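# Reading the structure
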Amino acid sequence: MSNELHDMDQAGLQAVADDKGLHLAKVTWVHHWTAGLFSFRIERPSTFRFRSGEFIMIGLLGANGRPLMRAYSIASPSWEEHLEFFSVKVEEGALTSRLQHLKEGDHIFLGKKPTGTLVLDALLPGKTLCMVGTGTGLAPFLSVLRDPETHEKFEKIIVTHTVRQAEELAYRQFLEEEIRADEIFGEMLKDRFTYYPTVTRGEFHRKGRITDLIRDGIFRNEVGVVEEDRGSFRFMLCGSMAFNKDMGALLESNGLVEGSNSEPGTYVMERAFVG
Ligand SMILES: Cc1cc2nc3c(=O)[nH]c(=O)nc-3n(C[C@H](O)[C@H](O)[C@H](O)COP(=O)(O)OP(=O)(O)OC[C@H]3O[C@@H](n4cnc5c(N)ncnc54)[C@H](O)[C@@H]3O)c2cc1C
């Protein structure tokens, strides 16, 4: 993809990045899951550090000649050499209508200040970490799941992913098979990791909103939660505003308290998008 506007070359884009205090990073891999979802990787600038679960601003050159930036959760763990992102494609979206055409070798702008609350630091110690994501809200959990610190701090790890149609269960094969076969994580996750996909429309073996499945006790039965462990569950939530609100209320009615970086709690949440 040309980085548009004036088909500015890499040196020109680098000058804009320098002027705006941004990195310019090269795209190394692109994968399209469906007509509405794709993932891509960029080279990680050597000075770029983040905590697994954080988000960062990324973007392209806008029509006004300035960077057009949006918040993105980093889907890769903090030790990985590249940075991976999992993106929606919004047809009329200012950024993603163009971002979806990224090709290997293209360049994007990358912010310098990662931040966020879906981090281990914002949670009190517990036994089970349950990461509940809808749509692209899975992204930060792909990062946290592959952080060795997560496995030091928690005995059990659950990742739930709710989408409309089964084909939108991006990373399903990775979560069901590949990570379990991984040299490092296979052993770490053995008997300790549950992937819990759910689909709200269309055919699938597990149907329904995760909020309902939890509220109705189906989740508890399926993942085998024992009563005495309930108090040691910690949650991370990432979805639409309505989902976060609903799920947050459900957790609070069960006595959980929202945490932050400055005041850790028993659950944390981040919006997967503004809308
Ligand atoms: C903290 C944070 C983290 C984010 N992380 C990601 C991420 O990892 N991946 C990602 O694709 N987006 C993420 N977003 C959303 C992202 O910032 C942009 O909104 C998205 O890239 C679309 O940009 P746009 O300019 O094309 O459209 P926008 O003008 O930003 O959005 C247009 C409309 O599209 C819908 N929309 C936007 N993003 C999504 C989404 N992710 N899923 C469903 N509907 C959406 C909303 O209704 C929105 O009003 C995040 C947002 C926040 C606040």
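Here the structure is a predicted model, which means the values were calculated and not measured.

### Remarks on the environment of Gln10
Mapping Gln10 onto the fold places it in helix α1 (residues 10-20). For the pair formed by Gln10 and Ile108, sequence separation is 98 residues and the distance between their alpha carbons is 10.0 Å. Contacts of Gln10, omitting those with residues within four sequence positions, involve Leu24 and His107.

### Considerations on unusual backbone geometry
A positive phi angle, close to 70°, is found at Tyr171, a residue other than glycine. In this structure, Tyr171 sits in the loop between β8 (156-163) and α5 (172-181). A positive phi is found at Asp191, a non-glycine position, where the angle reads about 60°. Mapped onto the elements, Asp191 comes out in the loop between α6 (185-189) and β9 (193-199).

### Here's the deal with the site of the ligand
Lining the immediate environment of the ligand, one finds 21 residues, of which Ala71, Tyr72, Phe86, Thr96 and Thr136 sit closest. One nitrogen or oxygen atom from the main chain of Ala94 is found 3.3 Å from an oxygen atom belonging to the ligand. For the ligand, an oxygen atom lies 2.8 Å from a polar atom in the backbone of Leu95. Considering the ligand on its own, with 870 Å² of exposed area, one finds that the protein chains cover 78% of that surface. Among the residues making up the shell around the ligand, the classes are represented as 12 nonpolar, 6 polar and 3 charged.

### A word on the pattern of salt bridges
Two side chains of opposite charge can pair, provided their charged atoms sit close to one another. Under the counting rule described, the total for this entry stands at 14 salt bridges. With its nearest N and O atoms 3.9 Å apart, the salt bridge here joins Asp19 to Lys20. According to the relative accessible area criterion, Asp19 is exposed, its value standing at 60%. Judged by its relative accessible area of 43%, Lys20 falls in the partly exposed class. In this structure, Glu149 and Lys153 form a salt bridge, with 3.1 Å as the shortest nitrogen-oxygen distance. Of the two residues, Glu149 and Lys153 are both situated in helix α4 (residues 148-153); the distance of 4 residues between them amounts to about one turn of the helix. A single salt-bridge network, built from bridges that share partners, covers Arg209, Asp212, Arg215 and Asp246.

Parameters at a glance
- Residues numbered from 1 in each chain as written.
- Predicted model: local features only at pLDDT ≥ 70, side-chain atom pairs only at ≥ 80, totals over all residues.
- Heavy atoms only, no water.
- Helix = DSSP H or I, 4+ residues; strand = E, 2+ residues; numbered from the N terminus.
- Contact = heavy atoms within 4.5 Å.
- Near = heavy atom within 4 Å.
- Polar contact = N/O pair within 3.5 Å; in protein donor to acceptor, adjacent residues only side chain to side chain.
- Areas by Shrake-Rupley, 256 points an atom, 1.4 Å probe, with all protein chains shown as cover.
- Nonpolar A, V, L, I, M, F, W, Y, C, P; charged D, E, K, R; others polar.
- Salt bridge = Lys/Arg side-chain N within 4 Å of Asp/Glu carboxyl O.
- Buried < 20%, exposed > 50% of the residue type's maximum accessible area, 1.4 Å probe, protein only.

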